[in-house]
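An overview of the molecular structure
Read off the chains here:
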Amino acid sequence: MAGSRLPRQLFLQGVAAVFMFAFASLYTQIPGLYGPEGILPARRTLRPQGKGRWQQLWETPTLLWEAPLLGLDTAQGLELLSLLGTVLALGALLTRPLRHPLVYLLLWAAYLSVCQASEAVPLGTVASSFLQAHPPSPQPELPDHPSPCRWARCFFISSALTYHYETQCLPTPAAWFAHHLPVWLHKLSVVATFLIEIAVPPLFFAPVRRLRLAAFYSQVLLQVLIVITGNYNFFNLLTLVLATALLDDTHLAATSSTSRRKRTPSSWPKALLAVLALLLELAVYGLLAYGVVHCFGLEVDWEQHVVRSRTTFTFHQFSQWLKMVTLPTMWLGAASLAWELLTALWRWVQVRGSLQKLCAAVPLSVLGTATVALFLISLVPYSYMEPSSHGRLWTGAHRLFGTVEHLQLANSYGLFRRMTGLGGRPEVVLEGSYDGHQWTEIEFMYKPGNLSRPPPIVVPHQPRLDWQMWFAALGPHTHSPWFASLVLRLLQGKAPVIRLIQNHTPSYPFHKQPPTYVRAQRYKYWFSHPWEQGRWWRRQWVEEFFPSVSLGDPALDMLLGQFGLQDKSPPRARGSSNTLSQALHWIRRQLSPLEAPTLLWGLLGAVGAIKVMQALLGPQSLPRSKEEKHKPASQEDSVAASKQASPAPNISSSSQTPRRKKSP
């Protein structure tokens, strides 16, 4: 089997990049979301329950419990963890020594801590990175540890693309153009999505390397198209990071592998295996093509130059098929894991020397046990998609998952499980007024509002308030208790919350004086037609979403009291004498003028520039070995003279090898 050192480094760098984006994106929004004047102050989320220190830490695992020891409140603790996480992830992305298990353990602990007061990113990938980040052994014959990210999940689509582009959370400008593609192409795109997300994932376990690479690039294609048409922050990057387990050193170092194949003539057993692999590959492609044509009734209409498709199976048939394949896919993953463990064990047996074998046995046993445990608990959320298989799963896996569920070691990665907006995209529009008669709309930076403003590109930033406004529009405001707190902060004119809506203060219509009244309306939004010049959206009023209220309004106070959002006691004054608190305040003051996407793209640009400099200066900056430094010139001259004296026909490939090694 091909090596996995380069894919491991790629995987670890990808996880570090996701962490960097996640921490930095959260940092820019902490004051408005979780600060003392934010929508949901973090001090309300983490309140001591009178339990023991370790019991409290186990039930609510967060380092924020220790913030008071540093003289910080909960929101400042969030800022500190976000900054440290960003810097640590940036270091792991740039320097190989920091891609260490301890570093990824710290990143996991930091993000798990902030998740207790905010939203979570799937941390199962992080657990995989901790297992992948074992230090490379100096002995080449030591076994590679099993890779848990090889066991990926299938992602099922349940939406029609004729609605998807305009109803997703935050579409991009490309989504408008994709929405207006022909209907037959939308249907064909759904077929391709089903193929990539349901039929292709079993190829992750294929014995033929080219099939695994085809599965990888199909996932890359799908995720890139999603990134182009939708702002799903760093979730698509997370999926691509998981898919890197399908790569190998030979593929990532194509030049060296090509030269190696040219030098080594293949024997007839290898040639036979290559032919059999090619036949298997063609058979798989043929089976996939037949299945797609059969299940979706693909037909080419040569007169109209379209490809027609339709679903030829019922929901009941699909459910039965899902019931039939769920457990076998689990056994397939278990078999793949067992093969990796046996391979690692065989390599460990071949290690020479008792001391070296003992040193290799310790990390192998620890990481192997952790991998098996992680695989077992991941089966529980994987089986959610099929209830009967979920019930038949080994009870030990359920118990293990229940024990560590709050640590978020395994996730189902399901963002949107049902289609919304079939009759139009529901959208909540906030309005403010000074007299209760003349109303002015409050436009957000990222979510749809102004009909003439194009959809923004905010990836890899995750604007949490704009996302939550999308979810709030799907039901009554009582299903989103935080909305009443948002209205209160706008009536109070709290600057941190206003910066979540408009980072450029003059763009906020009530920046000089807070509105006296605030209300919200629910609209249905659709993408504009191609012939509507200068407009990206069209909309229709549906109903009042939130009634008109003002400060001291009994209706608003009742809602705040019902959801426990009233400020019964003023927040503690932040200690200005604390050096750490002053440093956090200074950093916030320097970064606050930057919009979050600008900050994140600036980090990405800096990483790219440093990587380019490392690539350009790395080979030249490497110091010469001691043997080269002290090698006498006479020896070099004698070697050169002997090469000139020897006739050309007698130069063998072995004499050329050191010449290539000396070349820079």
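Please read these numbers as outputs of a predicted model, since none were measured by experiment. (Residues numbered from 1 in each chain as written. Predicted model: local features only at pLDDT ≥ 70, side-chain atom pairs only at ≥ 80, totals over all residues. Heavy atoms only, no water.)

Let's talk about the environment of Tyr34
Heads up, the condition is: Working definition: helices are DSSP H or I runs of at least four residues, strands are E runs of at least two. Numbering for both runs from the N terminus.
Secondary-structure assignment places Tyr34 in helix α2 (residues 30–34). Separated by 84 residues in the primary sequence, Tyr34 and Ser118 have C-alpha atoms spaced 8.0 Å apart.

What to know about the packing of aromatic side chains
Selection criterion: Pairing of aromatic rings covers Phe, Tyr and the six-membered ring of Trp, with a centre-to-centre limit of 6.5 Å; geometry is then stacked below 30 degrees between planes, edge-to-face above 60, and tilted otherwise. Either the NZ atom of lysine or the CZ atom of arginine qualifies as a charge over a ring when it sits within 6 Å of the ring centre and within 35 degrees of the ring normal.
Within this structure, the stated rule accounts for 23 aromatic pairs. Residues Phe19 and Tyr111 carry aromatic rings whose centres are separated by 6.2 Å and whose planes lie at 65° to one another, so their mutual orientation is edge-to-face. Of this pair, Phe19 sits in helix α1 (residues 5–27) while Tyr111 is found in helix α6 (residues 101–115), placing the two residues 92 residues apart along the sequence. Residues Phe216 and Tyr217 carry aromatic rings whose centres are separated by 4.9 Å and whose planes lie at 75° to one another, so their mutual orientation is edge-to-face. Through pairs of rings, three or more aromatic residues link up here, namely Phe194, Phe296, Phe313, Phe318 and Trp321. Against the face of Phe444 rests Lys447, its NZ or CZ located 5.3 Å from the ring centre.

Re the sheet that holds strand β6 (residues 537–549)
Rules: Two strands form a pair only when DSSP identifies at least two bridges running between them. In this analysis, axes come from line fits to C-alpha atoms, helices being fitted only over the stretch in contact, and the angle between any two N-to-C directions falls in the range 0 to 180 degrees.
Pairing is antiparallel across the open sheet formed by four strands, whose spatial order is β4-β3-β5-β6. Since the sheet does not close on itself, it has two edges, and those belong to β4 (440–442) and β6, each with one partner. The sheet shows a mean angle of 35° between the axes of neighbouring strands, taken without regard to direction. Here strand β5 (residues 517–527) runs beside β6; their pairing, made up of nine bridges, is antiparallel. Paired with Tyr523 across the strands is Trp541, a residue of β6.

A short note on the side chain of Gln56
How we decide: By definition in these notes, contact holds between two residues if any of their heavy atoms fall within 4.5 Å.
Assignment of secondary structure puts Gln56 in helix α4 (residues 53–59). In this structure, Gln56 is in contact with Pro48, Gln49 and Trp65, ignoring residues within four places of it in sequence.

Details of the pairing of β5
Definition in use: Note on exposure labels: buried denotes an accessible area under 20% of the residue type's maximum, exposed denotes more than 50%, and partly exposed covers the range between, all computed with a 1.4 Å probe on protein chains only.
Counted residue by residue, β5 has eight buried out of 11 residues, so it is predominantly covered. As judged from the nine bridges shared by strand β3 (residues 425–433) and β5, these two strands associate in the antiparallel manner. The residue bridging Val429 from the neighbouring strand is Gln521, located in β5.

A closer look at the pattern of salt bridges
In plain terms, the rule: Every case where a carboxyl oxygen of Asp or Glu lies within 4 Å of a side-chain nitrogen of Lys or Arg is listed as a salt bridge.
In this structure the tally under the stated criterion is 13 salt bridges. Across the pair Lys494 and Glu37 runs a salt bridge, and its minimum N-O distance is 3.6 Å. Taken together, the residues span a long stretch of sequence, with Lys494 in the loop between α21 (482–492) and α22 (495–501) and Glu37 in the loop between α2 and α3 (42–45) at a distance of 457 residues. What makes Lys494 partly exposed here is its relative accessible area of 23%. Here the salt bridges share partners, and the residues they tie into one network are Arg425, Glu427 and Lys447.

With respect to the side chain of Thr74
With respect to the helices and strands, Thr74 occurs in helix α5 (residues 74–94). Judged by its relative accessible area of 15%, Thr74 falls in the buried class. Among residues more than four places away in sequence, those in contact with Thr74 are Ala42, Arg43, Leu46 and Leu64.

A closer look at a nonpolar patch on the surface
Formally: Patch members must show over 30% relative accessible area and no salt bridge, and they are joined within 9 Å when carrying like charges or within 5 Å when they are nonpolar side chains of Val, Leu, Ile, Met, Phe, Trp or Tyr. The protein chains shown are the only cover counted for residues, whose accessible areas, like all others here, come from Shrake-Rupley with a 1.4 Å probe.
Nonpolar side chains collect at one region of the surface, where Trp268, Leu272, Leu273, Val275, Leu276, Leu278, Leu279, Leu282 and Tyr285 lie side by side and expose about 940 Å² of accessible area between them. Here Leu279 is to be found in helix α15 (residues 268–296).

Some points on the packing of helix α11 (residues 209–229) against α15
Stated precisely, the cut-off is as follows: Under the convention adopted here, Pro, Cys and the residues Ala, Val, Leu, Ile, Met, Phe, Trp and Tyr are nonpolar, Asp, Glu, Lys and Arg are charged, and Gly plus all remaining residues are polar.
Two numbers describe how α11 lies on α15: the axes approach to 9 Å, and their chain directions differ by 35°. Of α15, the residues touching α11 (which contributes Arg210, Leu211 and Ala214) are Ala277, Leu278, Glu281, Val284 and Tyr285. Partitioning the contact of α11 with α15 into residue classes produces six nonpolar, no polar and two charged.

Any functional reading would require information that these geometric values do not contain.
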